[in-house]
Amino acid sequence: RTNPNSPNEIVIVYEDNGVGISPTDRTRVFDPFFTTKEVGDGTGLGLFMVSNIVQEHQGRIELDYDFNRGARFIIHLPQKLINTDEQSDVDVFSE
């Protein structure tokens, strides 16, 4: 959806209804190799990679700390990317 507070921005919300993320883990969820899983069950690269991909597209990802059931991540992406090679805008939705 577009953001009514920032019409040049697209917002993607992902949420689940799991146990949520503990306060001590919240500051580390985007760190490389951070995982709460048992050894051998995960690499801890998922959210780190998502965060990097979002940043490469000139966006940002946030963990909604106030969400009190499960986890909620909010991704903000620009509708237009700034082409740093040619210093012109690229319309993400152009055909």
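In short, a report on the structure.

Conventions used here
- Residues numbered from 1 in each chain as written.
- Predicted model: local features only at pLDDT ≥ 70, side-chain atom pairs only at ≥ 80, totals over all residues.
- Heavy atoms only, no water.
- Salt bridge = Lys/Arg side-chain N within 4 Å of Asp/Glu carboxyl O.
- Helix = DSSP H or I, 4+ residues; strand = E, 2+ residues; numbered from the N terminus.
- Buried < 20%, exposed > 50% of the residue type's maximum accessible area, 1.4 Å probe, protein only.
- Contact = heavy atoms within 4.5 Å.
- Phe/Tyr/Trp six-rings, centres within 6.5 Å; stacked < 30°, edge-to-face > 60°.
- Core = buried A, V, L, I, M, F, W, Y, C linked by side-chain atoms within 4.5 Å.
- 1 Å grid on protein atoms, 1.4 Å probe; cavity = no way out; pocket = protein on both sides within 12 Å on 5 of 7 lines; lining within 4 Å.
- Points joined across faces, edges and corners; volume = space filled by probe spheres on them.
- Nonpolar A, V, L, I, M, F, W, Y, C, P; charged D, E, K, R; others polar.

### Section: the pattern of salt bridges
Then, number 1: Applying the stated criterion to the full structure yields four salt bridges.
Then, number 2: Put simply, Glu9 and Arg60 hold a salt bridge, and the shortest N to O gap is 3.1 Å. Here Arg60 lies in strand 3 (residues 60–63) and Glu9 lies in strand 2 (residues 6–15), a separation of 51 residues in the sequence.
Then, number 3: Judged by its relative accessible area of 11%, Glu9 is buried.
Then, number 4: The residue Arg60 makes a salt bridge to Glu62 at a minimum N-O spacing of 3.3 Å.
Then, number 5: Judged by its relative accessible area of 31%, Glu62 falls in the partly exposed class.
Then, number 6: Overlapping salt bridges, with partners in common, bring together Glu9, Arg60 and Glu62 in one network.

### Details of the side chain of Ser51
Then, number 1: By secondary structure assignment, the location of Ser51 is in helix 2 (residues 46–56).
Then, number 2: Of the residues examined, Ser51 reaches a relative accessible area of 9% and is grouped as buried.
Then, number 3: In contact with Ser51, not counting residues within four places along its chain, are Phe30 and Ile61.

### Some remarks on the packing of aromatic side chains
Then, number 1: Using the criterion set out here, one finds one aromatic pair in the structure.
Then, number 2: Between Phe30 and Phe73 the ring centres are 6.1 Å apart and the planes differ by 80°, which places this aromatic pair in the edge-to-face class. In this pair, Phe30 is assigned in the loop between helix 1 (23–26) and helix 2 and Phe73 in strand 4 (residues 72–78), connecting sequence segments 43 residues apart.
Then, number 3: The class of Phe30 is partly exposed, set by a relative accessible area of 22%.

### Considerations on the nonpolar core
Then, number 1: Core analysis: the biggest nonpolar cluster contains eight residues, these being Val29, Phe34, Val54, Ile61, Leu63, Ala71, Phe73 and Ile75.
Then, number 2: Look past the residues within four positions of Phe34 in its chain and what remains in contact with it is Asp25, Arg28, Val29 and Gly44.

### A look at the layout of surface pockets
Then, number 1: For the largest pocket, the calculated volume is near 320 Å³.
Then, number 2: Forming the boundary of the largest pocket are 16 residues, of which Val29, Phe34, Thr35, Thr36 and Leu47 lie nearest the centre.
Then, number 3: Among the elements that take part in the lining of the largest pocket, helix 2 stands out by supplying three residues, more than any other.
Then, number 4: In terms of residue class, the lining of the largest pocket is built from seven nonpolar, seven polar and two charged.

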